[in-house]
Each structure stands twice: as C-alpha cells, then as structure tokens.
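# Overview (structure and organization)
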Amino acid sequence: MIVCTETVFTLHTTHTSYQLAVAPNGMVLHTYYGTRLPEDVPSLADARMPHSDPGCWPDLLPQELSGCGTADNRTPVVIPEYADGTEVAAFVFDHAVVTPGKPQLPGLPMFRTGEGVETLSVFLKDAGGLVVELRYSVYEAEDLITRTAVYTNAGTQPLTLHKAASLSVDFAPDALELITLNGTWAAERTPERAALRCGIQSIGSMRGISGHAHNPAVALCHADTTETTGDAWGFAFVYSGNYLIEAERCDAGERLVMGIHPYHFHWTLAPGESFAAPEAAMVYSDKGLGEMSRRFHNAIRTRLLPPSWQALKSRLISRARDPLKDVAVRLKNAYHELEEGLKFDYAIENGEREAAARDLLRVIRAEDPEEFALARQRGKIEALLNGYEEVETIC
C-alpha cells in the first residue's frame, strides 16, 4: 500500500513502512524505514532547524538522492559530467506518480510484478538537465520493497554518468553493525559481522561478474540484534555484473549506497536518452536476522525465481548473452533439478547448518508429533545441531 500527500509518501507492507518527504527547499528526504506505521502517519522528517551555516546543512540531511558538489560530502549516488565539464548536481522534487504493478527493466533481472504490487515513481531534476526517476515497488504480502533509478538527459547537450547507483538509504546516527557474505572457492557466503567504523567500508566486484569473493547483499543491524530479536535491515543487488556496496558512517549518521561499480563506468546520454540502473531489494525485520532472511527467501521464491522450466528457457534465450551451448547445459540441469523437486513434499535450503537443522525439526514435528516427542526423549533430535554426519545418520 502506498499512501501519498503532496509532500509525504509512505510505503506500507504487511509488517513494515518506508517513508520519504519533500523538504521546503525541494530536497527529497528519507524519513523512516522500520516497523509498520499507521496509514495516516504525518511526515517524520527531522524537525531540527537548519545549521547556522547553510552551506553545511546538506551534509546533515538524510537524502533519497544525493548528487555531488552540493556540500553533501558523503559518498554520492550519482556523478554526472555535463558538456561544459561541470560535475555538480543538486536534485529537487518535480512530481510523483503511483501506478499499479511495476514497470519493466528491459534486459535486466527484476522481481516480478503481479497482484498486490504498487510502484511509486518520484521524479527529481537538476538544473543542468539530468532528470532522475526513483522507482519504489512495494510487495505488500512479501514485506519487500525494491528500488531502482532511471537517469534521463532532458537537456540539449550530451552528458556522461560516471556513477549511477540504484539505492541509497540514510540512517540517523546510531551504532550499527555491517554483515557481509564473503568467501573464496568452495567457501562462498561466509558471514562477517563488524561494527561500522567512521569512514566508508565497502564490498564489490570489478571482475565483470559479481564473483565469489563478496555476495552482492549486506545487512545492517544493532550490536544486540540476534537471530530472533532486534532490528535488521537487509539489502540485495539484483545484478550479476560489476557492483559496489558502500556503507559510510559520519557525524550525520550512516549511509548505504548500492549500484553498478563506478570503476570504468562512463555512460554517455544524448539528449532524450535514458539509462536504467539495475534493481535493488530491501527488507526490514524487528524480529532479528532470521526473520529478515526468511522474508528475503519468501520474496525470492515467489517473485524472482523462474516459476517453471519454460519460463527459465525463455529468460535465458531472450537475454542473448551466453553461447547457445552454455544455455543448453543450464536448461538441461535446471530441468532435472525441477523434475527432482516434484518428488518431495518439503524443501530445506542447504545454507547455514543450524538453520537447516531447525527446518528439519519443523518437518519432523509437523509430520509425526508423537515420534518427534519420543525422539527428543532419546536425545536424537539434539544431535541434529552437532554436525552433518549425525544429521545424516538420524535421517
């Protein structure tokens, strides 16, 4: 559900809300992302008076779209270069539109549209001629919000984008921790959790693919957040090429920016041309990291993964990026995996060992509560948490 006034836009899912508001100077501010708010909630924008030095004020505001050269000295979302060499962009609100469903991103992967999906498009413009459409698609049932940005040259001369990120979220000053999924060959997606230090911490890839060194997804949480309690914000980049995720801590708070890596990225737009950035997805949970992960898993299964082998075949062939023999191998493997899946009543993700063991316990409890009780008395169920070999023996 999307609730709008002239200057306040609140996006509601079943359990979460995200809000942005237009400031008196036209800047679009990020005001809230957390547990669900009342539908008629007013603007939650910071009520502080501007800094005594107006030139410093942009550096303290939580912005939805931060340009460069405007006294906001944090990492920017977009860096345009105009025909005269200027690399300054100050974006102000132009208009907003709410539409049912979701626009396509030609040639790019994205969460599917369908029933229960709405999209808010917020248009901002810079005096130099760059117009940015920020798209927020709300998946109410899945507690998921996706965001992308479409950059359009509305001027009369070419301009070049040197950075064109998809997502930026500013947080009020807080002691947040960053969780990344790092790895190496045969040891991918190893969680690493650490407090955000002052400055910028980042992960990314310049390999031409997302790679195995860092998964293009991160989480932010508090120090006391556990698997079952506390606040957790999760972000994932729906793209398999070069990417950069930056988490910055400064006196104004924390900022997360996600998008295509700016290394060797120079995209020239002729007048009237547009560039659509890849999609980013975000979820929030007040019930810990486990619930955050489950919300992502549910949304990916229902809205991102191909619904059938036929859909996957159409998707791979239409992309026209891989040799046909590689496509044939992927289709063959996918067909057999989907076919095997039909033989089972339950699917358990082979990810974190403890989480997989808990899922297995739920299956056993659901199928045969009496046998489950007997097994607990014998102490066999507890052995599920002790290692894969013991899990294999019991099953």
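In this text the structure is predicted, and so the values were computed from the model without any measurement. (Residues numbered from 1 in each chain as written. Predicted model: local features only at pLDDT ≥ 70, side-chain atom pairs only at ≥ 80, totals over all residues. Heavy atoms only, no water.)

## So, the overall build of the protein chain
Test applied: Under the DSSP-based scheme used, a helix requires at least four consecutive residues in state H or I and a strand at least two consecutive residues in state E, with every element numbered from the N terminus. Accessible area is worked out with a 1.4 Å probe on protein chains only. A residue is then buried under 20% of its type maximum, exposed over 50%, and partly exposed in between. With residues, only the protein chains shown are counted as cover, and all accessible areas are computed by Shrake-Rupley using a 1.4 Å probe.
On a plain count of helices and strands, the protein chain comes out with 6 helices and 20 strands. Split into buried and exposed, the 395 residues of the protein chain put 45% on the buried side. Accessible area of the protein chain: about 20,000 Å², with a carbon and sulfur share of 56%.

## Focus on the packing of aromatic side chains
What counts is decided by this rule: Ring pairs are drawn from Phe, Tyr and Trp, using the six-membered ring of Trp, whenever the two centres fall within 6.5 Å, and their geometry is named by plane angle: stacked under 30 degrees, edge-to-face over 60, tilted for the rest.
Within this structure, the stated rule accounts for 11 aromatic pairs. Ring centres of F171 and W233 lie 5.2 Å apart, and the angle between their planes is 75°; on these two criteria the pair is classed as edge-to-face. You can see F171 sitting in strand β10 (residues 159-171) and its partner W233 sitting in strand β15 (residues 232-238), a full 62 residues away along the chain. Comparing F171 with W233, the two get one shared label, buried. Considering the side-chain rings of W267 and F275, the 4.7 Å spacing of their centres and the 50° angle between planes classify their relative orientation as tilted. Taken together, Y18, Y33, Y136, F171, W233 and Y284 form an aromatic cluster joined through their ring pairs.

## Description of the confidence of the model for the protein chain
Convention followed: Here pLDDT means the predictor's own confidence in every residue, given as a number from 0 to 100. A contact between two residues is defined here by any heavy atoms of the two lying within 4.5 Å.
Residues at a pLDDT of 70 or more form 85% of the protein chain, whose mean pLDDT is 85. The model gives residues 387-395 a pLDDT under 50, and that stretch makes 9 contacts with residues more than four places away or in other chains.

## A short note on the sheet that holds strand β1 (residues 2-4)
Quick reminder of the rule: When DSSP locates at least two bridges between a pair of strands, those strands are taken to pair. To get an axis, fit a line to the C-alpha atoms, keeping to the stretch in contact for a helix; angles then go from 0 to 180 degrees between the N-to-C directions.
Judged by pairing direction, the sheet is antiparallel, and its 4 strands sit side by side in the order β1-β2-β3-β4 without closing on themselves. Of all the strands in the sheet, the pair left with one neighbour each is β1 and β4 (28-35). Looking at each pair of strands side by side, their axes are set apart by 15° on average, direction ignored. Pairing of strand β3 (residues 16-22) with β4 involves 7 bridges; the strand directions are antiparallel. If you follow A21 over to β4, its bridge partner there is L29.

## Regarding the side chain of Q63
Defined as follows: N or O atoms closer than or at 3.5 Å make up a polar contact, with two conditions inside protein: a donor-capable atom paired with an acceptor-capable one, and, for residues adjacent in sequence, both atoms drawn from side chains.
Inspection of the secondary structure puts Q63 in the loop between β4 and β5 (78-81). On the basis of relative accessible area, Q63 is assigned to the buried category, the value being 5%. A distance of 2.9 Å separates polar atoms of two side chains, one belonging to Q63 and the other to D72.

## Quick look at the environment of L360
Looking at the secondary structure, you find L360 in helix α4 (residues 353-367). Residues L360 and A347 lie 13 residues apart in sequence; the distance between their C-alpha atoms is 9.4 Å.

## Quick word on the pairing of β5
Going residue by residue along β5, you find V78 and P80 tucked away on one face and I79 and E81 left uncovered on the opposite face. By the bridge criterion, 4 bridges tie β5 to β10 in an arrangement that is antiparallel. Across the sheet, residue P80 finds its bridge partner in β10, namely L161.

## Points about the side chain of E133
Relative to the elements of secondary structure, E133 occurs in strand β8 (residues 130-139). Engagement of the side chain of E133 in a polar contact is seen with the side chain of S121, the distance being 2.8 Å.

## Points about the environment of F296
Its location among the elements puts F296 in helix α1 (residues 288-303). According to the relative accessible area criterion, F296 is buried, its value standing at 11%. Between the C-alpha atoms of F296 and Y284, which are 12 residues apart in sequence, the distance is 9.4 Å. Dropping the residues within four chain positions of it, F296 is found in contact with L144, G234, F235, A236, A281, M282 and V283.

## A look at unusual backbone geometry
Although it is not a glycine, A71 adopts a positive phi angle of roughly 75°. In this fold, A71 is placed in the loop between β4 and β5. Overall, A71 belongs to the partly exposed group, its relative accessible area being 27%. One non-glycine residue, D143, adopts positive backbone phi at about 55°. Here D143 shows up in the loop between β8 and β9 (144-153). Look at D143 and you get buried, because its relative accessible area is 4%.

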